[in-house]
Amino acid sequence: MSFRQALESDKFLVTAEIGPGKGTDTGVLLEDASILKDRVDAINVTDMQSSVMRLGSLAVCHLLTDMGIDPVLQVTCRDRNRLALQADLLSAWVLGIRNVLALTGDHPTLGDHPQAKPVFDLDSVSLLEVIGKLNGGADMVGNELKGATDFLPGAVVNPGADTEAALDLQIIKMEKKMEAGARFFQTQAIYDLDLFAKFMRRVEGYKTKILGGVILLKSAGMARFMNKNVAGVFVPEYLIKEMTETKDKAKTSIEIAARLVKGMKDLCQGVHIMAIGWEKRVPHVLDEAEL
Amino acid sequence: MIIATQKDLAEIKHMIAPYKKVLIVGCGMCMTFCSAGGPDEVARLAENLATDREGLTVEKGMIPRQCSDKFIDRLEEKIQDYEAILSMACGNGVQAVARRFPDKRVLPALNTQFIGIEQEPGVWTEMCMACGDCILGRTAGVCPVTRCAKGLLNGPCGGSQEGKCEVSKDRPCAWQEIYHGLKRLGLLDYLRGETQIKGWAVHPGRVIREELKAKEG
Ligand code: SF4
Ligand code: SF4
């Protein structure tokens with residue numbers, strides 16, 4: 001079943017994520033993908049995550065389609081202007097890529113080429129609109145295309161935005177993304193299900209599918225780091241304690257993730273698992289969450 | 001106003017190294033107000049350079065504005081005695097002087113930063129990129145083109161933390177400022193509606209107003 005078919009069914013959706021590395025060696029990356037293959041509905045491929053120069057998402061997505069995996073091409077507005085974005089989208093389509101996640105992208109100053117010129121010619125909302133236009137058979141200025149696309153567009157939302165203003169803004173922007181064509185949302189990592197439930201109540205009745213984000217906690221240190229440095233991610237103290245006190249970090253990490261996944265079954269329409277290097281453990285999480 | 005800062009003294013010295021007679025010219029407008037190229041700064045730079053090497057003559061000059069030929073004309077006579085002009089104007093002023101005196105060496109003493117305001121003594125913030133299509137009416141007087149690190153037009157990225165921008169903890173997230181401004185005015189609905197996509201003007205920009213041209217002629 002393709003990701004689109006899964007999305008259109010009543011199935012509880014499961015997506016995962018892989019991040020291309022720095023260089024041309026795709027060995028581990030594709031091995032991770034093959035481990036995930038039969039357990040997830042789609043695999044996201046990140047677009048130079050954290051603004052660090054890496055192997056491109058488009059090529060890796062293409063390799064995934066060759067493996068019979070339905071990829072989600074993550075596209076950020078950081079590095080390409082509107083010409084390049086549209087060209088890359090057309091290229092993705094002819095390479096068999098069917099799902100696109102429209103993102104603004106991190107600022108280059110956060111990455112390993114901090115002097116790079118940021119582009120941000122479009123943003124996540126206008127990019128979604130452009131995808132809609134390409135799907136309709138025209139480019140963004142209305143020129144007819146010889147052969148249109150038919151992408152399934154998605155976007156992200158951050159339910160854990162840390163101030164009232166930030167959360168209101170997230171929700172207003174989420175509405176704009178839906179109007180611009182987003183058919184599904186993957187969220188930033190969630191560790192507090194009560195907070196997430198509160199968010200879900202605010203967006204109740206929105207005609208879209210929301211996949212709650214799960215990042216495998218590798219250690220207490222990682223949790224503290226995220227609390228301090230990652231916008232909208234909040235790991236509660238009791239989880240940090242659990243990770244500190246455990247003798248088997250991997251096991252506890254899997255248990256925590258599985259608990260979160262289980263909890264989300266009643267809250268939203270799917271989960272998006274970001275294993276950041278622990279892809280091999282994702283099947284264990286899904287087993288434990290009975291998915 | 002336009003904000004600039006003085007170049008490193010070493011860089012300035014390097015630029016004027018080939019010359020024996022140098023005229024420093026300050027600017028009475030923005031550069032005076034942002035304390036980068038007013039009379040005080042001209043005097044200080046002259047002092048710093050005067051003792052630099054033997055045989056170097058440094059003279060001071062000041063005109064009300066370096067971006068207008070009307071005032072630049074005043075330099076005409078004085079300039080003849082000097083090999084190089086060290087301009088303490090913004091890049092606009094330096095170019096205006098260079099254009100007016102194509103046979104003279106005209107050098108910049110400042111690094112022009114941006115159009116901005118003095119936020120508090122010693123702190124300046126960029127406010128406008130002169131984009132040619134002002135949207136401040138929709139954004140509660142806060143410019144996202146300039147003050148959002150990504151120039152986003154349809155709401156914030158997900159990167160803000162405690163109201164600060166993802167690029168730096170001491171930089172407010174422009175979108176949170178827009179939100180608070182619109183909320184105060186009861187205009188939060190302005191955040192909704194049509195998707196904004198920026199059209200970029202061609203550079204170098206040019207404004208032509210026929211009615212004024214006709215008057216001149
Ligand atoms: S939108 Fe911003 S950059 Fe453009 S003219 Fe207005 S203040 Fe300046
Ligand atoms: S944090 Fe705010 S100001 Fe900074 S890039 Fe994101 S939206 Fe713009």
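Structural data are supplied above this passage.
Residues numbered from 1 in each chain as written. Chains lettered and ligands numbered in written order. Predicted model: local features only at pLDDT ≥ 70, side-chain atom pairs only at ≥ 80, totals over all residues. Heavy atoms only, no water.

**Considering the site of ligand 2**
Lining the immediate environment of ligand 2, one finds Cys148(B), Ala149(B), Lys150(B), Pro156(B), Cys157(B), Ser160(B), Cys165(B), Glu166(B), Cys173(B), Ala174(B) and Trp175(B). In the shell around ligand 2, the residues fall into 8 nonpolar, 1 polar and 2 charged. (Near = heavy atom within 4 Å. Nonpolar A, V, L, I, M, F, W, Y, C, P; charged D, E, K, R; others polar.)

**Let's talk about the pattern of salt bridges**
With the rule as written, the count across this model stands at 27 salt bridges over all chains. Here Glu242(A) and Arg259(A) are joined by a salt bridge, their closest N and O atoms 2.9 Å apart. Separated by 17 residues along the polypeptide, Glu242(A) in helix α9 (residues 237-245) and Arg259(A) in helix α10 (residues 249-265) bring together distant segments of the chain. Between Glu177(B) and Arg147(B) there is a salt bridge, with the nearest N and O atoms lying 2.7 Å from each other. Of the two residues, Glu177(B) sits in helix α8 (residues 174-184) while Arg147(B) sits in helix α7 (residues 144-147), which places them 30 residues apart along the sequence. Here Arg147(B) falls in the buried class, since its relative accessible area comes to 18%. What emerges from the salt-bridge pattern is a single network uniting Asp47(A), Arg80(A) and Asp88(A). (Salt bridge = Lys/Arg side-chain N within 4 Å of Asp/Glu carboxyl O. Helix = DSSP H or I, 4+ residues; strand = E, 2+ residues; numbered from the N terminus. Buried < 20%, exposed > 50% of the residue type's maximum accessible area, 1.4 Å probe, protein only.)

**Concerning the sheet that holds strand β5 (residues 105-108) of chain B**
Residue and element names in this part refer to chain B. Ordered by their spatial adjacency, 4 strands build an open sheet running β3-β2-β4-β5, and the pairing between neighbours is parallel. In this open sheet, the two edge strands, each paired with only one partner strand, are β3 (57-63) and β5. Strand after strand, the sheet turns through a mean of 25° between neighbouring axes, direction not considered. Bridge count for strand β4 (residues 84-88) against β5 is 4 bridges, and the pairing is parallel. Within β5, the position partnered with Ser87 by the bridge is Pro108. (Pairing = 2+ DSSP bridges. Axes fitted to C-alpha atoms, helices over the stretch in contact; angles between N-to-C directions.)

**What to know about the interface of chain A and chain B**
Counting residues at the interface gives 34 residues for chain A and 31 residues for chain B. Buried area between chain A and chain B, both sides added, is near 2,500 Å², and the carbon and sulfur share of it is 52%. When residues of chain A are sorted by the area they lose upon contact with chain B, Leu169(A), Ile172(A) and Lys176(A) head the list and together hold 23% of the total. Linking chain A to chain B there are 2 salt bridges. Residue Lys183(B) pairs with Glu164(A) through a salt bridge whose shortest N-O separation is 3.3 Å. Where chain A packs against chain B, one counts 17 residue pairs in polar contact (both at pLDDT 80 or more). (Contact = heavy atoms within 4.5 Å. Buried area = accessible area lost by both parts, 1.4 Å probe. Polar contact = N/O pair within 3.5 Å; in protein donor to acceptor, adjacent residues only side chain to side chain.)

**Some words on the sheet that holds strand β4 (residues 99-103) of chain A**
All names here are of chain A. If you walk around this closed barrel you meet the 8 strands as β1-β2-β3-β4-β5-β6-β7-β8, and the pairing is parallel. Geometrically, the sheet is characterised by an average inter-axis angle of 30° between neighbouring strands, direction not taken into account. Bridge analysis of strand β2 (residues 42-45) against strand β3 (residues 71-76) gives 3 bridges, and the strand direction is parallel. Looking at β3, one finds that Val45 is bridged to Leu73.

**Examining the site of ligand 1**
Residues in close proximity to ligand 1 include Cys128(B), Met129(B), Ala130(B), Cys131(B), Cys134(B), Ile135(B), Leu136(B), Cys143(B) and Thr146(B), which together make up its full environment. Along the lines of polarity and charge, the residues of the shell around ligand 1 split into 8 nonpolar, 1 polar and no charged.

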